[in-house]
Amino acid sequence: MENKKEPIIIDGKLIAAEIKKELSAEVAKLLDAGKRPPHLVAVIVGNDGASESYVASKEKQSKEVGFMSSVYRFPDTLTEQELLNTIDFLNNDPEVDGFIVQLPLPKHINENKVVQRIDPRKDVDGFHPTNGGRMMYNMPSFIPATPFGIMTMLERSKIDTVGKHCVVIGRSNIVGTPVAVLMSRNNNFANCTVTLCHSKTKNIKEICLGADIIIVAIGKPEFLTGDMVKEGAVIIDVGIHRVEDKTKERGYRVVGDVKFDEVAPKASYITPVPGGVGTLTVVSLLQNTLKAYNHEIYE
Ligand code: GUN
């Protein structure tokens, strides 16, 4: 009879709930000391469906931990200059600790210009090049929400990372590239040997077969299959996709970048989709907002 160990499913919801409890306790202390709560603002231009649901979740979770939360909503006719003026206003409002400008923006607005206008001290998304540069040099910085959430999941699950081979699949600015840097860091946590794979990588299967930890952020449904994974690997799935499934009442199912049914039996730890990395995104943003409030990153 086969004596196969079940993988440990890393429970994003549980970790998120734990962190929210910690944040609520911090807010309670601030209020007890007669201080105002941290204040996070989201700016949203136009009506992108995904952006709306992200902002709604941010508002709900901000309130759950006792933060102040505001949303600035603008029609997609807003000019670039008007958006830049709004950013200047938020940069200078002493009662706003952190803010995000929801992406994507309408085509007539230059995203780089907008992101660079945000005061790095209030850039809780960690998208400003000053925060990216500081992260590169291992200086205190705001870490973008998804990489921050991944690091939190690994750390709180007590995954042994030191000297391990970590393969990151995908090199986006907001996930793959920063997480590859963070996993290679000589910090109390991380210290991996990192291989960053992307669309032009040759022998991706062989590279993955040598990995102790695989972080998949390539944006392709069920990209990582069972034959690419060695026994005992730790699997972090960043993807989230709807794929057509006529057997389901709603006509689709939600999958990640990992073919879960094939990969899970080989893994020691694996994140589910949904209920994995995605559940930590907003929580990470709240953690960054508290850091902004406390001036932990910048004097
Ligand atoms: N669009 C999708 N995810 C994000 C995010 O984390 N921050 C911002 N600003 N826009 C997004």
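Summarised in this report is the structure supplied together with it. The shown structure was predicted, so the numbers you read here are calculated from the model rather than taken from an experiment. (Residues numbered from 1 in each chain as written. Predicted model: local features only at pLDDT ≥ 70, side-chain atom pairs only at ≥ 80, totals over all residues. Heavy atoms only, no water.)

1. Some thoughts on the environment of Val-167
By secondary structure assignment, the location of Val-167 is in strand 5 (residues 165-169). Exposure remark for Val-167: the relative accessible area of 0% places this residue in the buried category. Not counting residues within four places of it along the chain, the set of residues in contact with Val-167 comprises Thr-195, Cys-197, Ile-207, Cys-208, Ala-211, Ile-213, Ile-214 and Ile-215. (Helix = DSSP H or I, 4+ residues; strand = E, 2+ residues; numbered from the N terminus. Buried < 20%, exposed > 50% of the residue type's maximum accessible area, 1.4 Å probe, protein only. Contact = heavy atoms within 4.5 Å.)

2. Details of the layout of surface pockets
Unfilled space is identified by rolling a water-sized probe across the atoms. Each pocket or cavity is described by its volume, and for the largest pocket that value is around 1,100 Å³. Of all the elements in the fold, those that place two or more residues in the lining of the largest pocket are helix 2 (49-64), strand 4 (98-101), helix 6 (145-156) and helix 10 (281-293). Residue contributions to the lining of the largest pocket peak at 5 residues, all from helix 2. When grouped by side-chain class, the residues that make up the lining of the largest pocket number 19 nonpolar, 13 polar and 5 charged. (1 Å grid on protein atoms, 1.4 Å probe; cavity = no way out; pocket = protein on both sides within 12 Å on 5 of 7 lines; lining within 4 Å. Points joined across faces, edges and corners; volume = space filled by probe spheres on them. Nonpolar A, V, L, I, M, F, W, Y, C, P; charged D, E, K, R; others polar.)

3. Structural notes on the sheet that holds strand 2 (residues 39-45)
If you walk across this open sheet you meet the 3 strands as 3-2-4, and the pairing is parallel. Two strands lie at the open edges of the sheet, namely strand 3 (68-74) and strand 4, each paired on one side alone. Taken pair by pair, the neighbouring strands of this sheet meet at an average axis angle of 15°, ignoring direction. On the sheet, helix 3 (residues 80-92) packs against strand 2, strand 3 and strand 4 and is oriented at approximately 165° with respect to strand 4. (Pairing = 2+ DSSP bridges. Axes fitted to C-alpha atoms, helices over the stretch in contact; angles between N-to-C directions.)

4. A look at the site of the ligand
The local shell around the ligand consists of Tyr-54, Val-101, Gln-102, Leu-103, Asp-125 and Phe-127. In this structure, Tyr-54 approaches the ligand through a side-chain N or O atom, which is 3.5 Å from an oxygen atom. Calculation on the ligand without its partners gives an accessible area of 280 Å², and the protein chains cover 76% of this total. With respect to the detected pockets, the ligand is housed in the largest pocket. Tallied by class, residues from the shell around the ligand come to 4 nonpolar, 1 polar and 1 charged. (Near = heavy atom within 4 Å. Polar contact = N/O pair within 3.5 Å; in protein donor to acceptor, adjacent residues only side chain to side chain. Areas by Shrake-Rupley, 256 points an atom, 1.4 Å probe, with all protein chains shown as cover. Sits in = over half its atoms within 2 Å of the grid points.)

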